[in-house]
Amino acid sequence: MAQLERAKFGSKLGVILATAGSAVGLGNVWRFPYLAGENGGAAFMLLYIACVLVLGMPCMVAEFIVGRRAQANAARAFSTLGGRTPMALVGYVGVLTAMLIIGYYAVVSGWCLEYVFASAAGQFANVTPEQAAGYFADFEMHPFKPVVWMALVFLATHWVIVHGVRDGIERASKLMMPALFVLLLVVVAASCLLPGAGAGVEFLFKPDFSKLTGDVFLAALGQAFFSLSIGMGCMCTYASYFSRQTRLGSSAMQIGVIVILVAVLAGLMIFPAAFSVGIKPDSGPSLIFITLPNVFAKAFGFAPALGYVVAVMFYVLLTLAALTSLISLHEVCTAFVHEELHVTRKRAAAVVTALGVAMGALCSLSLGGWEWLQVLGKPLFEQCDFVTGQVLMPLGGLLICLLVGWHLPHKLVRDEFTNWGTLPGRSLGLFVLCVKYVCPIGIALIFLNQLGVV
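This is a predicted model, so every value here is computed, not measured.

Glancing now at the overall build of the protein chain. Along the protein chain, the regular secondary structure elements total 18 helices and 2 strands. Counting every position in the protein chain, which comprises 454 residues, the buried fraction comes to 61%.

What follows is about the packing of aromatic side chains. Applying the stated criterion across every chain, the model contains 17 aromatic pairs. Judged by centre distance (5.5 Å) and plane angle (45 degrees), the rings of phenylalanine 203 and phenylalanine 275 are tilted. In this pair, phenylalanine 203 sits in helix 9 (residues 198-205) while phenylalanine 275 sits in helix 12 (residues 248-276), placing the two residues 72 residues apart along the sequence. Assessed through its relative accessible area of 18%, phenylalanine 203 is described here as buried. Residue class for phenylalanine 275 comes out partly exposed when judged on its relative accessible area of 30%. Ring geometry for tryptophan 406 and tyrosine 437: centres 5.5 Å apart, planes at 85 degrees, overall edge-to-face. With a gap of 31 residues between them, tryptophan 406 in helix 16 (residues 380-407) and tyrosine 437 in helix 18 (residues 428-450) connect regions that are remote in the sequence. Sitting over the face of the ring of tryptophan 420, arginine 244 holds its NZ or CZ atom 3.9 Å from the ring centroid.

On to unusual backbone geometry. Located in the positive-phi region is histidine 342, a residue other than glycine, with phi close to 55 degrees. Along the chain, histidine 342 turns up in the loop between helix 14 (304-340) and helix 15 (345-365). Positioned with a positive phi, asparagine 419 is a non-glycine residue whose angle comes to about 50 degrees. Counting through the fold element by element, asparagine 419 comes out in the loop between helix 17 (410-417) and helix 18. By relative accessible area, asparagine 419 is classed as buried at 4%.

Turning next to the packing of helix 3 (residues 42-70) against helix 17. Working note: a packed helix pair is described by the angle between its axes plus the distance between those axes. Where helix 3 contacts helix 17, the two axes come as close as 10 Å, and the packing angle between them is 95 degrees. Between helix 3 and helix 17, the angle is such that the two are roughly perpendicular. Contacts between helix 3 and helix 17 pair Val61, Ile65, Arg68 and Arg69 from the former with Leu412, Val413, Asp415, Glu416 and Phe417 from the latter. Its residues placed into classes, the contact of helix 3 with helix 17 shows 5 nonpolar, no polar and 4 charged.

Here cysteine 51 shows up in helix 3. Those residues in contact with cysteine 51 that sit more than four places away from it in its chain are Gly56, Ala220, Leu221 and Ala224.

One can describe the packing of helix 4 (residues 74-82) onto helix 5 (residues 90-120) by two numbers: an axis separation of 6 Å at closest approach and a directional angle of 165 degrees. On the basis of the axis angle, helix 4 is roughly antiparallel to helix 5. With respect to the hand of their crossing, helix 4 and helix 5 are arranged in right-handed fashion. Across from Ala74, Ala75 and Phe78 in helix 4, the residues of helix 5 making contact are Val90, Gly91, Tyr92 and Val95.

Tallied over the full model, the rule gives 7 salt bridges. Two residues, glutamate 340 and arginine 76, come together in a salt bridge whose shortest N-O distance is 2.8 Å. Note that glutamate 340 is positioned in helix 14 and arginine 76 in helix 4, a separation of 264 residues in sequence. Under the relative-accessibility criterion, glutamate 340 is labelled partly exposed at 25%.

With that out of the way, let us pick up a nonpolar patch on the surface. Judged by side-chain polarity, Leu53, Val54, Trp406, Leu430, Leu433, Tyr437, Val438, Ile441, Leu445 and Leu448 come together as a nonpolar surface patch covering roughly 900 Å² of accessible area. Of all the secondary-structure elements, those providing two or more residues to the nonpolar patch are helix 3 and helix 18. Among the elements that make up the nonpolar patch, the one with the highest residue count is helix 18 (7 residues). Note on tyrosine 437: relative accessible area 38%, which makes it partly exposed.

So, on to helix 3. Taking 1.5 Å per residue, 29 residues should reach 42 Å; helix 3 reaches 40 Å between its end C-alpha atoms and fits that length. Most pronounced at glycine 56, the bend in helix 3 amounts to some 40 degrees, and the proline proline 58 follows within four residues. Helix 3 sits mainly inside the fold: 23 of its 29 residues count as buried. Just beyond helix 3, the residue with positive phi is glutamine 71, at close to 50 degrees.

In this section: the environment of serine 227. Among the structural elements, serine 227 can be located in helix 10 (residues 214-227). Its relative accessible area of 1% is what places serine 227 among the buried residues. Each C-alpha atom, one on serine 227 and one on glycine 389, is 9.9 Å from the other, the two residues being 162 residues apart in sequence.

Two residues of an α-helix separated by three or four positions point the same way, owing to the 3.6 residues in each turn. Compared with an ideal rise of 1.5 Å per residue, which puts 37 residues at 54 Å, helix 14 spans 54 Å between its outermost C-alpha atoms and is within 8% of the ideal. Backbone geometry just after helix 14 places histidine 342 at a positive phi near 55 degrees.

What follows covers the confidence of the model for the protein chain. Mean pLDDT for the protein chain: 83, with 89% of residues reaching 70 or above. Considering each helix and strand of the protein chain separately, the mean pLDDT is smallest for helix 1 (residues 12-24), with a value of 65, and largest for helix 17, with 95.

Parameters at a glance
- Throughout, a residue's number is its position along its own chain's written sequence, starting from 1.
- Predicted model: local features are reported for residues with pLDDT of at least 70 only, side-chain atom pairs are reported and counted for 80 or more only, and whole-chain, interface and lining totals are derived from all residues.
- Note that the side-chain values use all heavy atoms of the structure and ignore hydrogens as well as water.
- Note on conventions: DSSP H or I runs of at least 4 residues are helices, E runs of at least 2 residues are strands, and numbering of each starts at the N terminus.
- For the exposure calls, accessible area comes from a 1.4 Å probe over protein chains only, and a residue counts as buried if that area is under 20% of its type's maximum, exposed if over 50%, partly exposed in between.
- Only centres within 6.5 Å qualify two rings of Phe, Tyr or Trp (six-membered ring in Trp) as a pair; their planes then separate them into stacked at under 30 degrees, edge-to-face at over 60, and tilted for everything else.
- Geometrically, a lysine NZ or arginine CZ counts as sitting over a ring once it is within 6 Å of the ring centre and also within 35 degrees of the ring normal.
- The axes are straight lines fitted to the C-alpha atoms, using for helices just the contacting stretch, and the angles between their N-to-C directions are given from 0 to 180°.
- Note on terminology: angles under 35 degrees are roughly parallel, angles over 145 are roughly antiparallel, angles of 65 to 115 are roughly perpendicular, and the others are oblique.
- Note on contacts: a residue pair qualifies if any of its non-hydrogen atoms lie within 4.5 Å across the two residues.
- Ten residues, namely Ala, Val, Leu, Ile, Met, Phe, Trp, Tyr, Cys and Pro, are considered nonpolar, four, namely Asp, Glu, Lys and Arg, are considered charged, and the remaining ones, Gly among them, are considered polar.
- Should the near helix be turned counterclockwise from the far one by less than a right angle, the crossing is left-handed, whereas a clockwise turn marks it as right-handed.
- Counted as salt bridges are all cases of a side-chain nitrogen of Lys or Arg within 4 Å of a carboxyl oxygen of Asp or Glu.
- Patch membership requires over 30% relative accessible area and the absence of a salt bridge. Like charges are linked within 9 Å, and nonpolar side chains (Val, Leu, Ile, Met, Phe, Trp, Tyr) within 5 Å.
- For accessible areas, the Shrake-Rupley method is used with a probe of radius 1.4 Å. Any residue's cover is judged against the shown protein chains and nothing else.
- By this rule, a helix spans an expected 1.5 Å times one less than how many residues it contains.
- Note that bend, as reported per residue, equals the angle between axes fitted to the 7 residues terminating at that residue and the 7 residues originating from it.
- Confidence of the predictor at the level of single residues is given by pLDDT, which spans 0 to 100.

This is the structure we're talking about:
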């Protein structure tokens, strides 16, 4: 029954924007700049781009193949195609990964929503870097406000999910993603025109390869997989809504280009501003929240009213972009509950929303109010980020490649890759080479290097 009722995206544009929106929101606008700042700037960016092109995109196509072929949620898709092998568990790991990411990701989305209202109230007018950093620190440590904003973001996500694939997810992505891109360009221009911005541009584009370590490699791989939503069930779930005419290879290429472009723009938005106002680029997850208020205050000093409008619009669109990513994660879990527990979509969404709010509250309180909420010496928020981004997602990508490259019949892979012979499939051989050898070996070597084995 689930397969007969399965919804489809209505257009190729909807496919691209929905899947790219899974990451282009906070995946690149928030997460990429702070990881690049912590890991050497340009050297990290080059590694990240290489990981996206060489390791990430073949994994994405592999996950597309599993999702469209099985026409089911991530857990059922992998159990159907994996048979009685450990590969059948990959989908369940993906659903678990999505649920863990939801917990801390919604917290960051709530931070964005707080900044919408704070900027609208004029709280960032003429602020110093110290004042901006102090405002964020006070808010992050507050035991109540971040939880409220997080819950509101979840309610907005819930509203989109219950409206389904075409009327909810696709329609929202078509509205939000182009608007975010335009605003990114505006803020990049403002940031790069600041005095002293050249040092930030140099930090992003002049690599210092002495910064490269095993940790940097693993961070770049994790960010590539986070950006492409690999190993968390998103691509598999969304691919189950693809039509038979969707070109998997070209869709993955277009998504990869968009993701890389937005990452570079996010770096150009953050680092010139950070160096201009004297903020260290390795300020961690809070970087975007203590840097941008200074961009708006300084770049538009000649026209404060214009700076006010741009600031409010940017934080509104950053919140909307955060929603596109949260929507895809929510959909992974909702589809799982809906199809495996045989409940209505609305009830499944309600279950996921309730669990997500509870998880988000714990992650938020681990940063302030309930500091005892730690796992292995780190706040629950930070531990969820590390485990999902640098362990579960790369591991999921590795297992996906092993499933598609070594377990599935070659004819099945060829049929999906070429849309049942209607496409020439000239790059099929290269794809198979990547998923059988290049991606598994590359991911495994990075893991072994992290463990000190190689």
